[in-house]
Amino acid sequence: MITREQVVEALERTFEGLSEAGKPLTFVEALDHWTERGCGGDCVAETIMRTVAILSGRELAWYCNPMVSEDLDAYPYPIAFVLVDIPTQRCLTLGGVNNTPHVTFSIGTLDDAVAAVGYFLSLLGIAVEEEPLL
Amino acid sequence: MVTREQIKKTLDEIYDAEYGDGDGEAKFADGIAFWLQNGEYPFDVIETIVDAVYGLSGRPRNALGWHAEPLRDEWSYTGEIAFVLVDAESGRCLTLQRSDRPETEACISVALPITTEEEAVDAVAYFLRLLGVPVEGLEGAAS
C-alpha cells in the first residue's frame, strides 16, 4: 500500500529531476503555471507518469497530451494519457466504447495529480491509500 | 497486396464522401493544404487516414484503438501528426518502439509528416504494415 504522502513526495522529487533553470521550482508551482497560464502541461503530465514508473518499479512507456479545453468550467485542464507495459506491450489505458487508447483527466490541483497517479498505479495492481477521484 | 494507387484512391474517396458532396470533387490533398494554411484542427485529415486504414486492412470498426495529435511549435502546427495505434483485441500497442540503448526511453507514438497526399499515403502504408497487410514496395520491410 502506497500512501498519499509517498505519492506527493515522489511527485515533487520527480519534478525536481525534470525541472530546468528558470522554470517553476516545485510541482505545485508547475501546476499553477499550467492552470493560470495554460503552459507547462507537458511537464506536469511527464512528472505524473514518471512518478508512476518510479513508484511501481515497472518498465513502462507513456504518451501524454495536454489538451485545449473548449469548456473549462465543465472539464478544466484536461490531459490525455496513454500507458503501456513494455514487457507485454499491452496498452493499460485502452477502453471505452470506441476502444480509445487514452484516458483523459482534469489535472488542475495536487489532489488531481495524486488521484491520477493512484489510478495508474491501480491499473498496475498497486493500491494507494486513498481512493482515486475519477 | 495493397498498392500506393489504391491507398491514394481510398483516401480521396473517403474524403470526398465524408467531407465533400460525394461527387468526386473534394480531394484529400486539398484537405491537407487547408489544414496547413488555416491552422485549424485537422480532424478531417486524421479521420480520413484512420478510415483508410480500416477500409484497406479489413479490420472492423473499433478493432483498433487510435490516439492522434497534430504537433505544434510555439506558433502553429508543424505538419506532423503523432499517432498511437493499439490492436484492441490483443491490447497490444503496435506503435511501441523499444530501444536497445538503456539511456533511450521507449516511445509509444510515431510522429509522421502529413503535409502532402504522398506523405499521407506513406502513413497509411506504415499502419497497414504494422497490421500485417502487405503493401507494394514494402514487402520486405521489417515491422
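Residues numbered from 1 in each chain as written. Chains lettered and ligands numbered in written order. Predicted model: local features only at pLDDT ≥ 70, side-chain atom pairs only at ≥ 80, totals over all residues. Heavy atoms only, no water.

(A) Region of the structure containing the nonpolar core. Residues Ile7, Ile49, Ile114 and Phe127 of chain B are the most contacted members of the largest nonpolar core, which totals 39 residues. Apart from residues no more than four positions distant in its own chain, Ile49 of chain B is found in contact with Leu11, Phe28, Phe83, Ile114, Ala120, Val124 and Phe127 of chain B. By size, the runner-up hydrophobic cluster in this structure holds 34 residues, among which are Phe15, Val44, Ile48 and Ala53 of chain A. (Core = buried A, V, L, I, M, F, W, Y, C linked by side-chain atoms within 4.5 Å. Buried < 20%, exposed > 50% of the residue type's maximum accessible area, 1.4 Å probe, protein only. Contact = heavy atoms within 4.5 Å.)

(B) Layout of the environment of Val124 of chain B. Residue and element names in this part refer to chain B. Here Val124 is to be found in helix α4 (residues 117-130). Residue Val124 is classed as buried on the basis of its relative accessible area, which comes to 0%. For the pair Val124 and Gln37, spaced 87 residues apart in sequence, the C-alpha separation works out to 23 Å. For Val124, the residues in contact, after removing those within four places along its chain, are Ile7, Leu11, Ile49, Ala52, Val53 and Leu56. (Helix = DSSP H or I, 4+ residues; strand = E, 2+ residues; numbered from the N terminus.)

(C) Representation of helix α3 (residues 41-56) of chain A. All names here are of chain A. With 16 residues, α3 extends 23 Å between its outermost C-alpha atoms, agreeing within 8% with the 22 Å of an ideal straight helix rising 1.5 Å per residue. Tucked into the core, α3 has its buried residues touching α1 (4-18), α2 (27-37), β1 (60-66), β2 (78-85) and α4 (110-123). Downstream of α3 by a residue or two, Gly57 has a phi angle that is positive, lying close to 70°. (Expected span 1.5 Å × (residues − 1).)

(D) Representation of the pattern of salt bridges. Enumeration over the complete set of coordinates arrives at 11 salt bridges over all chains. The salt bridge partner of Arg50 of chain A is Glu105 of chain B, with a shortest N-O separation of 3.4 Å. Taken together, the residues Arg50 of chain A in helix α3 and Glu105 of chain B in the loop between β3 (92-93) and β4 (110-113) connect one chain to another. Judged by its relative accessible area of 28%, Arg50 of chain A is partly exposed. Notably, a salt bridge pairs Asp122 of chain B with Arg4 of chain B, separated by 2.8 Å at the nearest N-O pair. Placement of the pair is Asp122 of chain B in helix α4 and Arg4 of chain B in helix α1 (residues 4-19), with a sequence separation of 118 residues. A residue is classified by how much of its surface remains accessible, and Asp122 of chain B, at 41% relative accessible area, is partly exposed. (Salt bridge = Lys/Arg side-chain N within 4 Å of Asp/Glu carboxyl O.)

(E) The arrangement of the packing of α1 of chain B against helix α3 (residues 43-57) of chain B in detail. All names here are of chain B. Here α1 crosses α3 at 125°, and the two axes come no closer than 9 Å. One way to sum up the angle between α1 and α3 is to call them oblique. Two packed elements cross with a definite hand, and for α1 against α3 that hand is right-handed. Residues Ile7, Thr10, Leu11, Ile14, Tyr15 and Tyr19 of α1 touch α3, and the partners they reach there are Phe43, Asp44, Glu47, Thr48, Ile49, Asp51, Ala52 and Leu56. Here the residues of the contact of α1 with α3 sort into nine nonpolar, two polar and three charged. (Axes fitted to C-alpha atoms, helices over the stretch in contact; angles between N-to-C directions. Parallel < 35°, antiparallel > 145°, perpendicular 65-115°, else oblique. Left-handed = near helix turned anticlockwise from the far one by under 90°. Nonpolar A, V, L, I, M, F, W, Y, C, P; charged D, E, K, R; others polar.)

(F) Inspection of the packing of α1 of chain B against α4 of chain B at higher detail. Residue and element names in this part refer to chain B. α4 packs onto α1 with a crossing angle of 110° between their chain directions and a minimal axis gap of 9 Å. Here α1 is positioned roughly perpendicular relative to α4, judged by the angle of their axes. Where α1 approaches α4, its residues Arg4, Ile7, Lys8, Leu11 and Asp12 are matched on the opposing element by Glu117, Glu118, Ala120, Val121, Asp122, Val124, Ala125 and Leu128. Across the contact of α1 with α4, the residue classes break down as seven nonpolar, no polar and six charged.

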